[in-house]
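Structural features, examined
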Amino acid sequence: MTAPTPVRVRYAPSPTGDPHVGNIRMAIWSWLYARHTGGQFLVRIEDTDQTRLIPGAVERILESLNWLGLDWDEGPDIGGPYAPYFQSQRLERYREAADRLVAQGNAYPCFCSSEELDALRSRQQAEKRPTGYEGKCRTVPPEEAARRAASGEPHVIRFATPREGSTTAHDLLRGAITVENATLDDFVILKSDGFPTYHLAHPVDDFAMKITHVTRGEEWIPSLPRHVLLFDALGYPRPVFVHGPVILAPGGGKLSKRHGATSVLEYADAGYLPDALLNFLCITGWGHGDETVFSRERLIEIFDIADVSLAPATFDTEKLNWLNGVYLRQMPLRELSEAIARRLERELPGDVPRPLDRVLVEAVTPLIQERIQTLAEVTPLVDFFWTGSVETPPAGEFLTKKWAGQGEAAGAALDAVADAIEALDPFEAAPMEARLRALADEIGAKAGDLFTLVRLAVTGRKVSPPLFESMEIIGQEACAERLRSAATIVRAG
RNA sequence: GCCCUCAUCGUCUAGCGGUCAGGACGGGACCCUUUCAAGGUCCAGACAGGGGUUCGACUCCCCUUGAGGGCACCA
């Protein structure tokens, strides 16, 4: 889809915490749409609520975008032709717009206190009437209002919403949305601290920054009529509005901490890959034929924001895990190996010397590449390659199935394996397997039963990467040592 | 309570008046196999309900039901 003028979309988070995945998904879609059409993607910080600012939030927001590989053409850190990109630095513009609306008779100062407003709201609720400001200060004569405001009396500026008629706005995805003006109230556009509310800041900035498509979450639909009224009153052309669906938690309802990670950085921490999360988030709430795995390039090639679905989608962690596994398996050895090395250096016990030997990590990587879904599974799976000695499991672990009650036989078998291992030359996986299969035959055991003992002895666990390749990496001496020690324990059991 | 939005397998979706309603995750079976994975083959599984419109509705309209969102000097 090609737009007549270059598409300009923006991601406009407020710095009140880490961006939620639902929020980030909208940013991904917006970014893809900009890149798909050859337009621009910008970032604007909506820091108009001084009471909710969280230090460091801006940095974390930008870090989240960076990690996902979303780049911006204009933003708080790099500036741009419409700077500044912090709303807190654009206060004069909002003031100006508000003054103009008051002068035009589209807005008025309101001197009602929060206590008064709270009281009004409770009264309305008690009487089961719609809540909302009923326009008390709208009747204050303009001259009197101006005088009181000039004398320093605390006040806000409210928009004088038309009482009659209805307002129709258009959403690219949903078509016309019409609301009776009577259901709207005189909402605040400028707060008493001089900061604008979102309702005012949004039209002023999106007009000034030449935004062509306002992309945001569905939660904004109810206030869309107010925004449209403001665009009109200000004499700004209306942009295209696109309200994406929300993301639901598995059980239904909002996705929250209770359901696991909710921010991008948490997913990074949990061992997910940027491309996998990007693919997954994009895919939840949007689809394209029979395809499921999309590279970034492919998405840019085919993504059209007009194709996103309207219904709220449920966050499917199982699918994310599977997709992450797909990306892990696709990764070039060197790249995966480096990621695994960094993970291990972060998680291995402190007595393991850093940096890790990359040659060893590269030997281990192919053994686990197709066995993990996230990087978080790496360390518990392969730590025995680095921890000097494994803790041999108790005899009971060994003496199950074929070996139940056969402590002596199992011990003998382990010793026999140790003998065979020590005699091996070269000490490589293929000949090792051949030799141990023959040995199983000699002992009169099934290969699998023998290998289970060896696995337990050498890796310390019943599930491990491929046995012989692992043993080759661990080394001849260490393997023999672990086998003998296990033999002793098993006999005693 | 008032306003708004949405509705295809358990989940994410394709479909855009005529299809055996397709794919993916998850589930089941089998194959492969030294564990665990990965891989392969196959199976089960959906148009929320009721009215219209039409020669013909998953597709268009209305109602019901269900789900989600909003009703701040927060965004």
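Residues numbered from 1 in each chain as written. Chains lettered and ligands numbered in written order. Predicted model: local features only at pLDDT ≥ 70, side-chain atom pairs only at ≥ 80, totals over all residues. Heavy atoms only, no water.

Counted residue by residue, helix 7 (residues 224-234) has 10 buried out of 11 residues, so it is predominantly covered. Taken as a whole, helix 7 has its buried residues at Leu224, Pro225, Arg226, His227, Val228, Leu229, Leu230, Phe231, Ala233 and Leu234. Of the residues trailing helix 7, glycine 235 is marked for its positive phi of about 80 degrees. (Buried < 20%, exposed > 50% of the residue type's maximum accessible area, 1.4 Å probe, protein only. Helix = DSSP H or I, 4+ residues; strand = E, 2+ residues; numbered from the N terminus.)

The subject of this paragraph is the pattern of salt bridges. Applying the stated criterion across every chain, the model contains 39 salt bridges. A salt bridge links arginine 484 to aspartate 419, with the nearest nitrogen and oxygen atoms 2.7 Å apart. Here aspartate 419 lies in helix 16 (residues 407-423) and arginine 484 lies in helix 20 (residues 476-492), a separation of 65 residues in the sequence. In this structure, a network of salt bridges that share partners links the residues Arg10, Arg44, Glu46, Arg90, Asp205 and Asp206. (Salt bridge = Lys/Arg side-chain N within 4 Å of Asp/Glu carboxyl O.)

What follows is about the nonpolar core. By size, the foremost hydrophobic cluster in this structure holds 111 residues, and its most contacted members are Trp286 and Trp386. The biggest single contributor to this core is helix 1 (residues 21-37), with 10 residues. Once residues within four sequence positions are removed from consideration, tryptophan 286 is found in contact with Trp29, Phe294, Leu299, Ile302, Phe303, Asp304, Asp307, Val308 and Ser309. Listed in part, the 31 residues of the second largest apolar core include Leu101, Leu184, Leu230 and Phe231. (Core = buried A, V, L, I, M, F, W, Y, C linked by side-chain atoms within 4.5 Å. Contact = heavy atoms within 4.5 Å.)

Residue placement: arginine 35 occurs in helix 1. Those residues in contact with arginine 35 that sit more than four places away from it in its chain are Gln40, Phe41, Asp71, Trp72, Asp73 and Ile300.

Moving on, we come to the protein's contact with RNA strand B. Around RNA strand B sit 59 residues, and of these Arg174, Glu370, Arg371, Arg437 and Arg455 come closest. In RNA strand B, atoms within 4 Å of the protein come from the sugar-phosphate backbone in 68% of cases. Between RNA strand B and the protein, one listed contact pairs a phosphate oxygen with a side-chain N or O atom of lysine 191 at 2.6 Å. At 3.0 Å, a side-chain N or O of lysine 319 approaches a base nitrogen of RNA strand B. Ranked by residues supplied to the surface near RNA strand B, first place goes to helix 11 (residues 317-330) with 4 residues. Its residues assigned to classes, the surface near RNA strand B shows 24 nonpolar, 13 polar and 22 charged. (Near = heavy atom within 4 Å. Polar contact = N/O pair within 3.5 Å; in protein donor to acceptor, adjacent residues only side chain to side chain. Nonpolar A, V, L, I, M, F, W, Y, C, P; charged D, E, K, R; others polar.)

To continue, consider the confidence of the model for chain A. On average, residues of chain A score 95 in pLDDT, and 99% of them are at 70 or above. Both scores are given for the predicted complex: the pTM is 0.95, the ipTM 0.96. (pLDDT = per-residue confidence, 0-100.)

Attention now goes to the side chain of arginine 216. Here arginine 216 lies in strand 8 (residues 213-217). No salt bridge forms around the buried arginine 216; measuring N to O, its nearest opposite-charge neighbour aspartate 206 is 6.1 Å away. Within polar-contact distance, the side chain of arginine 216 engages the side chain of histidine 202 at 3.2 Å. Polar contacts involving the side chain of arginine 216 include one to the side chain of histidine 243, which spans 3.1 Å. The residues touching arginine 216, leaving out its near neighbours within four places in the chain, are Arg10, Met26, Tyr198, His202, Leu224, His227, Phe241, Val242, His243 and Gly244. (Lys, Arg positive; Asp, Glu negative; His and termini not counted.)

Taken together, 3 strands build an open sheet; the order of strands is 3-4-7 and the sheet is antiparallel. The two strands at the open ends of the sheet, each matched to only one other strand, are strand 3 (107-110) and strand 7 (188-190). Across the sheet, the axes of successive neighbouring strands diverge by a mean angle of 45 degrees, strand direction being ignored. For strand 4 (residues 156-159) and strand 7, the ladder comprises 2 bridges, and the chain directions are antiparallel. Its bridge partner being in strand 7, isoleucine 157 is matched across the sheet by leucine 190. (Pairing = 2+ DSSP bridges. Axes fitted to C-alpha atoms, helices over the stretch in contact; angles between N-to-C directions.)

Within the secondary structure, serine 263 is located in the loop between strand 10 (247-248) and helix 8 (264-269). Each C-alpha atom of the pair serine 263 and glycine 22 lies 9.0 Å from the other, and the pair is 241 residues apart in sequence. Among all residues touching serine 263, those that are not within four sequence positions of it are Asp18, Pro19 and Val21.

Moving on, we get to the packing of helix 6 (residues 198-208) against helix 7. Relative to each other, helix 6 and helix 7 sit at 50 degrees, their axes nearing to 9 Å. The pairing of helix 6 with helix 7 is recorded here as oblique in orientation. The two elements helix 6 and helix 7 meet at a crossing, and its hand is right-handed. Contacts between helix 6 and helix 7 involve Tyr198, His199, Leu200, His202, Pro203 and Val204 from the first element and Arg226, His227, Leu230, Phe231 and Leu234 from the second. (Parallel < 35°, antiparallel > 145°, perpendicular 65-115°, else oblique. Left-handed = near helix turned anticlockwise from the far one by under 90°.)

With that out of the way, let us pick up the state of the cysteines. Taken as a whole and judged by the stated rule, the model has 0 disulfides. Just so you know, cysteine 112 is unpaired, no disulfide at all, and the nearest cysteine sulfur is the one on cysteine 137, 3.6 Å from it. Residue classification places cysteine 112 among the buried positions, given a relative accessible area of 15%. (Disulfide = S-S within 2.5 Å.)

Aromatic rings considered in pairs are described by the distance between their centres and by the relative angle of their planes. Counting across every chain of the model gives 13 aromatic pairs. Taking 6.0 Å as the distance between ring centres and 80 degrees as the angle between the ring planes, the aromatic pair formed by phenylalanine 231 and phenylalanine 241 counts as edge-to-face. Placement of phenylalanine 231 in helix 7 and of phenylalanine 241 in strand 9 (residues 240-244) is noted, with a sequence separation of 10 residues between them. You'll find phenylalanine 231 and phenylalanine 241 in the same group, each marked buried. Joined through ring pairs, the aromatic side chains of Phe207, Phe231, Tyr236 and Phe241 make up one cluster. Just above the ring of phenylalanine 111 sits the side chain of arginine 148; from NZ or CZ to the centre is 4.1 Å. When the ring centre of tyrosine 133 is taken as origin, the NZ or CZ atom of arginine 158, which lies over that ring, is 3.6 Å away. (Phe/Tyr/Trp six-rings, centres within 6.5 Å; stacked < 30°, edge-to-face > 60°. Lys NZ or Arg CZ within 6 Å of the ring centre and 35° of its normal.)

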